Structures are given as C-alpha cells and as structure tokens.
Amino acid sequence: MGDYSIAKTLDYKGLPCPMPVVKISQDIGSVDVGEVIEVLTTDPGSLADFPAWAKTSGNEILETQQDEGTIHIFVRRVK
Amino acid sequence: MDATQKQELRRLFASRLTGAVRMYLEACTHCGTCIPACHAYASEPELRHSSVGRAENIRRLFWRHFRPQGRLAGWLNEAVELSEDWMEKVYETAYTCTGCRRCVTYCPFGIDTQQIQSIAKLLLIGAGREPQVLSMLADMSIAKGENVEATKASFTQAVQGLEEEVIARWRSEAGREAIPIDEKDADLLYVALAGKHSIIPAAAIMNAAGENWSLSYFEAVNFGAFVGNPEKTREISQRIIDEAVRLGVREVAICECGTAYRVMKFMMGELPFRVVSFVEVIARYLREGRIQIDPRKTEQRLTYHDPCQIARNGGVMEEAREILAHLTRDFVELQPNRVENWCCGGGGGLVAMGEKEFRMRSARVKAEQVRATGAEVLATACENCHTQLSDLNEHYALGMRVAFLSDLVSQALVASQ
Ligand code: SF4
Ligand code: SF4
C-alpha cells in the first residue's frame, strides 16, 4: 500500500448495479480534497468502473487490491 | 430562455420528428383509454400520472413550434412556447414515466408514449437539465471503453477469484476455465453487469450445458439509453459489438438486464451475430436437454414478474414459463401477466436516480398484485426490476424473497439421470 492514510472505509459489497458508482460519486463529497476513501466491494466490474468514473469526475484511483474475494479500491478526492 | 437556446431545443425536437412520431403527436383523440393502464395512475389517480397527461406536455410544445395553426391560433390547442418554466413539465414527462409501454397496448392508435418521452429526455439534455447521475454513468461507460486495456488484468484477476463459487454450483470440465474471458472463436459472448451475482449463476449454467462461451469485459447496462442520448447509447453498445466481432462469436447473450437486452436487440440495426436474452439461453438448454434442474430444490410457492423490456417490449415471455415449469411444481402467475403485467415502477433510470419515495408511491398497484399471489418467492429476470421489487418487498412488508431466474436455476442444477 502506498504512503497515505485512509479517511474513511466504505462497504459497498453486494450492492446492485449501478449503486457502487452512484454511491462513490455521492460519498466522495464527504471527505476533504486530498483525502482518501477505501471502498470494499465484491463486484469485479468495479475494477474497471471506478477508474473510468475517476477519469470522468476528475478524481484519482491510487491503487486496487484483491484478497479473498474482497476488492479494495483506494480513491483520492482531487476536486 | 434565450433565442439561441430555444432554437437549439427546437432543432433537437425536430430531430425526433419521424413520420411515426408526428402521428403519435397528432392522432391522440383524448379518448382516455390509456389512463388507467399506467401503474402510476392506478396507484395514484391523477391525470399527470397518465400516459396522455404526460404526452400533453410535449404535444403542446409541438403545436406551438411545428404546426402553423398552433403558431397562429395557439389557444385552439393550448399550444405553449418553450420556456424555463415549461421545462419542469418536460422533466415530469421524462422522469415520472418508466417507459414500460403498457399504455401503448391499450391505445387504439398504438401511440407510443416512450417515443414521446424520448423527445422530453432529449430536450432536457439540450437544456442541461437531465439527471446528472445518468449522464455521469453513461460517460463512465464510454471512458471504460476507451481505457479497457488498463484494467483488463485486474478485472481478469477478480473474475478468476469467483471461479470457486461457480464450481460450487457446477464443476467445470477439465482443462476449461470456469469463467473464460477473451476466448477467440467462442460461440457465445455473455455480457454481465458489474456485480458477481450476474456472473456466477450464468457461468455455472453455461458450464453445465457445455457451452463454448466467453465473458465480456463490458457491462451490459446502457445508461445512454436511460438518459435518452442516442449518440451515447450507440457508443456504449459499440464497445460490446466490437468485442463480439473481434472474438468472432455467433451469439451475444445479454444478462438479466431489460434495457441492455432491448437496446442491443432492437436499437443497434443489423449485427453480425444473434442477440438473445439469457432467459432464452436457459430455455434452449432445457429444451435441448443440455441441462437438468430438480424442481424439489425450489419448494416454496413461486411467482414471476415479466420485466417490461424483456417481455412486453422484447417478446421473451414463453421462454420464462418453460424454465418455470422445470423449476417448480408450485408456480402461480401474477394477474395480469405477460404483455399486460404491471410495470415494477423502477424503470427509465428511476432506480439509479434514487427517487425511492416516488417509486414506492407509484407502484402500490404492483405490490398489491404481487401480494395477491400468496407466493413466497418472486422471481424476475432484470436487475432493475429486482432492485425495485426488493424495495417494494420491504416497503410494503410483502415477506417474499426476490430472486433472479438464473440464480434459482443454477442452484437447482443436477447431473443428467
Ligand atoms: S410507458 Fe408505462 S409508465 Fe409511461 S405512461 Fe405508459 S404505462 Fe405509464
Ligand atoms: S388511448 Fe391513445 S388516443 Fe386515447 S388518450 Fe391515450 S394516447 Fe390518446
């Protein structure tokens, strides 16, 4: 994991389509610019959806990790 | 609203005025037959919740801007000028209607409310007043298509992580991956959603049938269609079309997502492959004896909600009954069903937009219809319907389990006897 601290961890496991992306686009406003949210999900599609959302919304995906069925996505609020 | 913007909105309106759409706008006799056909009106009897009520908001603009008598004697048809205020009515037309087209089957002239609604959605985009969440989701899908190479490896790894759960439902043949991706010369490309619940059951079923299949990198859902943007709808679909052509598949099977199926099947013109709903695929496997299911595994009383975009607007109805006949010995139809089934009340983008209060209020008739069956399991074949029905189940305390057809089938797979 990179050198950053996590402001918030949000559990999006088991949400129906398209809620993970809808929720991150809302929840990103709950942290300050520069802060990092860790999202937990089980959706394989999120690994492509989140970077695409970050690109269009001007935020940043720092990294993604996968362990025992859980996907961790680290999102930095840029704007 | 300044003259330039009005001119632009007029141009957008005109772009939708095909011969058929003009007929829909001109032919309405205000007979009122469509009024009780709308679930929103049946749940809350106000004219603005009816097909004709919604269409009038667009029809009155049409009289003013596209008919000489509307310009000269607008009072005759209550013609109205495009304005900021009227855009609120346009919004109501676009986003209190689910585009289910139940009303169309009742109208003696076959006036297609969804076509009129599509004018409303386009005008909202032109005025920058469409729900931003829908445009955001459509843009995300397009960006994903542009960057697919960057995320292929992590997506593949995540999908491999699901293989154990697939094998728990059905072992895969030796030498074959449980979830094949990027299989050149696969016969069938399966297009899922982001969630694993739309991948695991389907994978188990296709493996049980010995299908030569491949999982798409892209999600089936098309938010370009939900927001009513024809260019984005095409771009989002094109990602899947290009992938299918690259792999040389003969068939593209769309997961349990009504809009995705309807867009790919009916709105993309001629394609070099067949487009089917996954419901059709399961029915075919059963018909051909390629899979067997044990009805004792679904013991509770079961009913089935026909998703509007798959059934009424997609023609896939009897295939679902074929599956249900194998799946359970205690099936009860919703009344009415098939073409006449009530919409769940969550289509047209409403689920993604939230709108829970309106969705629950306008679908009271749906909850009553479901409750009357006395069923314990409510099956369906559309993600959007599944979410809305789950919300209704909770809101109206229906005490049911809402399930996908593919999930029920995959849980009941047995080896041939
Ligand atoms: S398409 Fe469906 S929601 Fe829209 S007016 Fe007709 S019946 Fe009502
Ligand atoms: S049924 Fe058809 S003609 Fe009659 S009011 Fe409705 S849209 Fe108009």
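Because the structure is predicted, anything quoted here is derived from the model rather than measured.

Caption draft 1: Structural detail: the site of ligand 2. Taken together, C28(B), T29(B), H30(B), C31(B), G32(B), T33(B), C34(B), V52(B), C107(B), P108(B), F109(B) and I111(B) make up the full set of residues adjacent to ligand 2. When its residues are assigned to classes, the shell around ligand 2 shows eight nonpolar, four polar and no charged.

Caption draft 2: How the structure looks around the packing of helix α1 (residues 19-27) of chain A against helix α2 (residues 46-57) of chain A. Residue and element names in this part refer to chain A. Two numbers describe how α1 lies on α2: the axes approach to 10 Å, and their chain directions differ by 35 degrees. As α1 runs across α2, the sense of the crossing is right-handed. From α1, P20, V21, I24 and S25 reach across to α2, where they touch S46, D49, F50 and W53. Partitioned by chemical class, the residues of the contact of α1 with α2 number five nonpolar, two polar and one charged.

Caption draft 3: Here's a closer look at the interface of chain A and chain B. Contacts between the two partners involve 23 residues from chain A, matched on the other side by 29 residues from chain B. Interface area for chain A against chain B, summed over the two sides, is near 2,000 Å², with a carbon-plus-sulfur share of 71%. Area buried by chain A at its contact with chain B is led by C17(A), P44(A) and Q66(A), which between them contribute 27% of it. Joining chain A to chain B, the criterion identifies two salt bridges. A salt bridge links K144(B) to D49(A); the shortest N-O distance between them is 2.5 Å. Of all elements in the fold, only α1 and α2 of chain A reach the threshold of two or more residues within the side of chain A that touches chain B. The dominant element in the side of chain A that touches chain B, judged by the number of residues it contributes, is α2(A), at nine residues. For the side of chain A that touches chain B, the residue count by class is 14 nonpolar, six polar and three charged.

Caption draft 4: Region of the structure containing the domain arrangement of chain B. Residues and elements named next belong to chain B. Under the domain assignment used here, chain B contains domain 1 (3-130), domain 2 (133-287) and domain 3 (292-414). Taking only C-alpha atoms into account, the centre of domain 2 sits 22 Å from that of domain 3. Across the contact, 28 residues belong to domain 2 and 29 residues belong to domain 3. For the pair domain 2 and domain 3, the summed buried area comes to about 2,400 Å², and 69% of that belongs to carbon and sulfur atoms. On inspection of domain 2 and its partner domain 3, the count reaches two salt bridges. For D407, the salt bridge goes to R169, with nearest N and O atoms at 2.6 Å. Counting across the domain 2 and domain 3 interface gives eight residue pairs in polar contact (both at pLDDT 80 or more). Within the residue set of the side of domain 2 that touches domain 3, elements represented by two or more residues are α8 (132-146), α11 (200-208), α12 (223-227), α14 (258-266) and α15 (278-287). Ranked by residue count, the leading element in the side of domain 2 that touches domain 3 is α15, at seven residues. The residue makeup of the side of domain 2 that touches domain 3, split by class, is 19 nonpolar, four polar and five charged.

Thresholds applied
- Residues numbered from 1 in each chain as written.
- Chains lettered and ligands numbered in written order.
- Predicted model: local features only at pLDDT ≥ 70, side-chain atom pairs only at ≥ 80, totals over all residues.
- Heavy atoms only, no water.
- Near = heavy atom within 4 Å.
- Nonpolar A, V, L, I, M, F, W, Y, C, P; charged D, E, K, R; others polar.
- Axes fitted to C-alpha atoms, helices over the stretch in contact; angles between N-to-C directions.
- Helix = DSSP H or I, 4+ residues; strand = E, 2+ residues; numbered from the N terminus.
- Left-handed = near helix turned anticlockwise from the far one by under 90°.
- Contact = heavy atoms within 4.5 Å.
- Buried area = accessible area lost by both parts, 1.4 Å probe.
- Salt bridge = Lys/Arg side-chain N within 4 Å of Asp/Glu carboxyl O.
- Domains from an automatic or database assignment.
- Polar contact = N/O pair within 3.5 Å; in protein donor to acceptor, adjacent residues only side chain to side chain.

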